[in-house]
Amino acid sequence: VLPQDRMDMQSVHYEYAQALDMALQNRADYLSGMLSVEVARTRLMLAQNNLLPDLSVSGGYSQAQLASNAPGLSSNGSNWSVGLRLTVPLGDLSLQQVVVQTKVDLEKAELSLKKLRESIEIDIQNALRNVDISLRQVKLAERARELAEKKFAVETEKLKVGRSSNFQLVLFQNDLVNAQNSELNTTIGYLDALSALENKLGIVLDTWGVSLVRR
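1. A short note on the overall build of the protein chain
Consideration 1: Counting its secondary structure elements, the protein chain contains five helices and two strands.
Consideration 2: The proportion of buried residues among the 215 residues of the protein chain is 22%.
Consideration 3: Considering only contacts within the protein chain whose residues lie at least 6 apart along the sequence, 73% involve residues at least 24 apart.
Consideration 4: Summed over its atoms, the accessible surface of the protein chain is roughly 16000 Å², and 55% of this surface lies on carbon and sulfur atoms.

Shown next, in the form of structure tokens:
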């Protein structure tokens, strides 16, 4: 069985800084971690704000219909009111406890995000290394296949002039088949390593041109 088309393989190169930046911008887990930190920071600000004195202004207006002593006559009465209200939270331990708890939540969220970033950095380094090693293996397999093709071609010409045997030609043909299989396997390994890297970068959908439609 001879395939009609060769597997299309294009080498892709990412610098570490570029790859890390892509991962931090596209990975859903890291973006979720950043959102958790922002939510925890906002909750802490609200809790701290509740400890501050509150000065509020209130106002009102009312109108009343007043009856007159003369028959059929009446007068309107208007009433305006303005006031200030100062609330000072003193000795409210529940508010203090909320501040302490939100501070702890923020520290946990920041620590979790830091650990996630360190894990992503390690993942990117390993994935880039695997892609580089796999690409080198592909190049070596290509070179081995080219040499096997030349050896088989030379041996075929030698057989035509009686300077070789069918047995020797079959051996070289088997070497060529093995070299072709090795090239195919290393190419698949490279594509797998590249897919794993794209998964770590969070760009799988972009690579395959898949867009999510929001409804």
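Now that the structure has been shown, we can carry on.
2. Overview of the packing of aromatic side chains
Each aromatic ring pair is characterised by the separation of its centres together with the angle its planes make.
Consideration 1: Tallying each qualifying case throughout the model produces zero aromatic pairs.
Consideration 2: Over the aromatic face of Phe172 sits the side chain of Lys151, whose NZ or CZ is 5.0 Å from the ring centroid.

3. Re a nonpolar patch on the surface
Consideration 1: Among the surface-exposed residues, Leu55, Val57, Val82, Leu84, Leu86, Val88 and Leu90 lie close enough to one another that they form a single nonpolar patch of about 820 Å² accessible area.
Consideration 2: Listed by contribution, the elements that provide at least two residues to the nonpolar patch are β1 (54-67) and β2 (74-87).
Consideration 3: Within the secondary structure, Leu86 sits in strand β2.
Consideration 4: What makes Leu86 exposed here is its relative accessible area of 56%.

4. What to know about helix α1 (residues 16-26)
Consideration 1: Those residues of α1 that sit buried are Ala19, Leu20, Met22, Ala23 and Leu24.
Consideration 2: For α1, the elements touching its buried residues are α2 (28-49), α3 (93-160) and α4 (166-201).

5. Quick look at the environment of Thr186
Consideration 1: Structurally, the position occupied by Thr186 is in helix α4.
Consideration 2: Among the polar contacts listed, one links the side chain of Thr186 to the backbone oxygen of Glu183, at a separation of 2.9 Å.

6. Structural notes on α2
Consideration 1: Given a rise of 1.5 Å per residue, 22 residues ought to cover 32 Å, and the 31 Å separating the end C-alpha atoms of α2 matches this to within 8%.
Consideration 2: The complete set of buried residues in α2 reads Tyr30, Gly33, Val37, Ala40, Leu44 and Ala47. In a view along the axis of α2, the buried residues occupy a sector of 105 degrees, so they form one face of it. Residues Ala28, Leu35, Arg43, Met45 and Leu46 are exposed on α2 and point more than 90 degrees away from its buried face.
Consideration 3: Against the buried residues of α2 lie α1 and α3.

7. Focus on the pattern of salt bridges
When their charged atoms lie close together, side chains carrying opposite charge are able to pair.
Consideration 1: Taken as a whole and judged by the stated rule, the model has eleven salt bridges.
Consideration 2: When the shortest N-O distance is used, the salt bridge between Glu149 and Arg145 registers 3.4 Å. Residue Glu149 and its partner Arg145 are both found in helix α3; the two are separated by four residues, about one turn of the helix.
Consideration 3: We classify Arg145 as buried; its relative accessible area is 11%.
Consideration 4: By sharing partners, the salt bridges in this structure join Glu38, Arg41 and Glu110 into a single network.

8. Examining the environment of Leu35
Consideration 1: Its location among the elements puts Leu35 in helix α2.
Consideration 2: The sequence separation of Leu35 and Ala109 amounts to 74 residues, and the corresponding C-alpha distance is 9.4 Å.

9. A few points about the packing of α1 against α3
Consideration 1: Orientation of α1 relative to α3, taken along the N-to-C sense of each, is 130 degrees, at an axis distance of 10 Å. Here α1 lies oblique to α3, going by the angle between them. The hand of the α1/α3 crossing is right-handed. Facing Tyr16, Ala19, Leu20, Ala23 and Leu24 of α1, the residues of α3 in contact are Arg117, Ile120, Glu121, Ile124, Gln125 and Leu128.

10. With respect to the environment of Ser32
Consideration 1: Assignment of secondary structure puts Ser32 in helix α2.
Consideration 2: Distance from Ser32 to Leu113, taken between C-alpha atoms, is 9.2 Å for residues 81 residues apart in sequence.

The rules behind the values
- Residues numbered from 1 in each chain as written.
- Predicted model: local features only at pLDDT ≥ 70, side-chain atom pairs only at ≥ 80, totals over all residues.
- Heavy atoms only, no water.
- Helix = DSSP H or I, 4+ residues; strand = E, 2+ residues; numbered from the N terminus.
- Buried < 20%, exposed > 50% of the residue type's maximum accessible area, 1.4 Å probe, protein only.
- Contact = heavy atoms within 4.5 Å.
- Areas by Shrake-Rupley, 256 points an atom, 1.4 Å probe, with all protein chains shown as cover.
- Phe/Tyr/Trp six-rings, centres within 6.5 Å; stacked < 30°, edge-to-face > 60°.
- Lys NZ or Arg CZ within 6 Å of the ring centre and 35° of its normal.
- Patch = residues over 30% accessible without salt bridge, like charges linked within 9 Å, V, L, I, M, F, W, Y side chains within 5 Å.
- Salt bridge = Lys/Arg side-chain N within 4 Å of Asp/Glu carboxyl O.
- Polar contact = N/O pair within 3.5 Å; in protein donor to acceptor, adjacent residues only side chain to side chain.
- Expected span 1.5 Å × (residues − 1).
- Arc of directions from axis to C-beta.
- Axes fitted to C-alpha atoms, helices over the stretch in contact; angles between N-to-C directions.
- Parallel < 35°, antiparallel > 145°, perpendicular 65-115°, else oblique.
- Left-handed = near helix turned anticlockwise from the far one by under 90°.

None of the figures reported here should be taken as evidence of function without further support.
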